[in-house]
Amino acid sequence: MVKDDSQPIHPAPAGPRRRVELGSAEALRLLGSVSLGRIVFTRHALPTVRPVNHVLDQGDIVVRTHRGSALTSYTERADAPGAVVAYEADVVDADSRLGWSVVVTGYARLVTDPAELARCRAMLRPWVETAMDQMIRVRPDLVTGIRLSADGPTGTA
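An account of the accompanying structure is given in this report. (Residues numbered from 1 in each chain as written. Predicted model: local features only at pLDDT ≥ 70, side-chain atom pairs only at ≥ 80, totals over all residues. Heavy atoms only, no water.)

## Focus on the layout of surface pockets
This is how the line gets drawn: Using protein atoms alone on a 1 Å grid, points that fit a 1.4 Å probe yet trap it form a cavity, whereas open point sets bounded by protein on both sides within 12 Å along at least five of seven lines form a pocket; residues with an atom within 4 Å of a point count as lining. Grid points are joined across faces, edges and corners, and a volume is the space filled by probe spheres set on the points. Only runs of H or I of at least four residues qualify as helices and only runs of E of at least two qualify as strands under DSSP, and these elements are numbered from the N terminus. Amino acid classes used here: Ala, Val, Leu, Ile, Met, Phe, Trp, Tyr, Cys and Pro are nonpolar; Asp, Glu, Lys and Arg are charged; the rest, including Gly, are polar.
When its volume is computed, the largest pocket comes out at roughly 280 Å³. Taken together, 15 residues line the largest pocket, and the ones lying closest to its centre are Pro51, Val52, Arg64, Thr65 and Met132. If you list the elements that add at least two residues to the lining of the largest pocket, you get strand S2 (36-43), strand S3 (46-57), strand S4 (60-65) and helix H2 (70-76). Ranked by the residues each element gives to the lining of the largest pocket, the list is headed by S3, at four residues. Of the residues in the lining of the largest pocket, the class split is nine nonpolar, four polar and two charged. Computed from the structure, the second largest pocket encloses a volume of approximately 160 Å³. In terms of lining residues, the second largest pocket is bounded by Asp60, Pro81, Tyr107, Arg109, Leu110, Val111, Thr112, Asp113, Glu116, Arg137 and Arg139. At the level of secondary structure, the elements contributing two or more residues to the lining of the second largest pocket comprise strand S6 (99-110) and strand S7 (134-150).

## Here we look at the pattern of salt bridges
Rules: Put simply, a salt bridge is a Lys or Arg side-chain nitrogen that is within 4 Å of an Asp or Glu carboxyl oxygen. Think of it in three bands: with a 1.4 Å probe and only protein chains considered, a residue is buried below 20% of the maximum accessible area for its type, exposed above 50%, and partly exposed in between.
Considering all chains together, one arrives at 11 salt bridges under this definition. Between Arg139 and Asp60 there is a salt bridge, with its nearest N and O atoms 2.7 Å apart. One end of the pair, Arg139, is in strand S7; the other, Asp60, is in strand S4, and 79 residues separate them in sequence. Note that Glu116 and Arg137 form a salt bridge whose closest N and O atoms lie 2.7 Å from each other. Placement of Glu116 in helix H3 (residues 114-123) and of Arg137 in strand S7 is noted, with a sequence separation of 21 residues between them. Owing to a relative accessible area of 11%, Arg137 belongs among the buried residues under this scheme.

## Re the packing of aromatic side chains
Basically, it comes down to this: What counts as a ring pair is set by centres within 6.5 Å for rings of Phe, Tyr and Trp (its six-membered ring), and what kind of pair is set by the plane angle: stacked under 30 degrees, edge-to-face over 60, tilted for all other angles.
For the structure shown, the criterion picks out one aromatic pair. Each ring, one from Phe41 and one from Tyr74, has its centre 5.6 Å from the other, and the planes form 35°; the classification is tilted. Separated by 33 residues along the polypeptide, Phe41 in strand S2 and Tyr74 in helix H2 bring together distant segments of the chain.

## Here's the deal with the nonpolar core
Convention followed: The nonpolar core is taken to be a set of buried Ala, Val, Leu, Ile, Met, Phe, Trp, Tyr and Cys residues, with the residues joined through side-chain atoms within 4.5 Å. Should any heavy atoms of two residues lie within 4.5 Å, those residues are counted as being in contact.
Grouped together as the largest cluster of nonpolar side chains are 26 residues, with contacts concentrated most on Ile39 and Tyr87. Breaking this core down by element, the ones donating at least two residues are helix H1 (24-32), S2, S4, H2, strand S5 (83-92), S6 and S7. Of all the elements, S6 adds the most residues to this core, at five residues. Excluding residues that lie within four positions of it along the chain, Ile39 makes contacts with Thr48, Val49, Arg50, Val52, Leu71, Val85, Ala86, Tyr87 and Val138.

## So, the side chain of Asp60
Keep this limit in mind: Pairs of N or O atoms are called polar contacts if they sit within 3.5 Å, as long as, within protein, a hydrogen donor faces a hydrogen acceptor (for residues adjacent in sequence, only side-chain-to-side-chain pairs).
Given a relative accessible area of 3%, Asp60 falls into the buried group. At 2.7 Å, the side chain of Asp60 and the side chain of Arg139 are in polar contact. If sequence neighbours within four positions are ignored, Asp60 has contacts with Val55, Arg137, Val138, Arg139 and Pro140.

## Some points on H1
Here is the rule we go by: In this context, the arc is that of the directions from the helix axis out to the C-beta atoms.
Of all the residues in H1, the buried ones are Ala27, Leu28, Leu30 and Leu31. Burial along H1 is one-sided: seen end-on, the buried residues are contained in an arc of 160°. The secondary structure elements touched by the buried residues of H1 are S3, S4, S5, S6 and S7.

## Regarding the pairing of S7
Remark: a regular strand shows side chains that alternate across the two faces of the sheet. For clarity, the cut-off: In short, DSSP must find at least two bridges between two strands for them to pair.
As defined by bridge partners, strand S1 (residues 17-21) adjoins S7 across five bridges and the pair is classed as antiparallel. Across the sheet, Arg18 pairs through a bridge with Ser149, a residue of S7. Here S4 runs beside S7; their pairing, made up of five bridges, is antiparallel. Across the sheet, Thr65 pairs through a bridge with Gln134, a residue of S7.

Laid out in structure tokens, this is it:
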């Protein structure tokens, strides 16, 4: 048998794993500890996912985008309270299969107030070299999260 070196080999995790539900405060704290996530919205009546960088601001998720993007267009068309979106971020180690995942569902609105826009732009630098002049604020309505943990002798990770 020939070993295929093109596929990484991940050892099976040692010991049992468990899924621990997170409270919304802990889930938002974890989401705020990373800068990359995925925003899910509707485009042509189908779900669409985009990787974006984010920052938490006063309990809201703020992402940077550009004029003419599908996400900007989606939020521009929304009426009050905004466009329904989901936002997901996670950190899961491929080898140990331990980590966490957070999903936020809420309403996204384009930031239009000039002072708020300037403040948000100062907090969040774009990851790509393109004009990222628009900011979108997601107000969390439903926050869920899980931690994947090793089940130790006392049941803690």
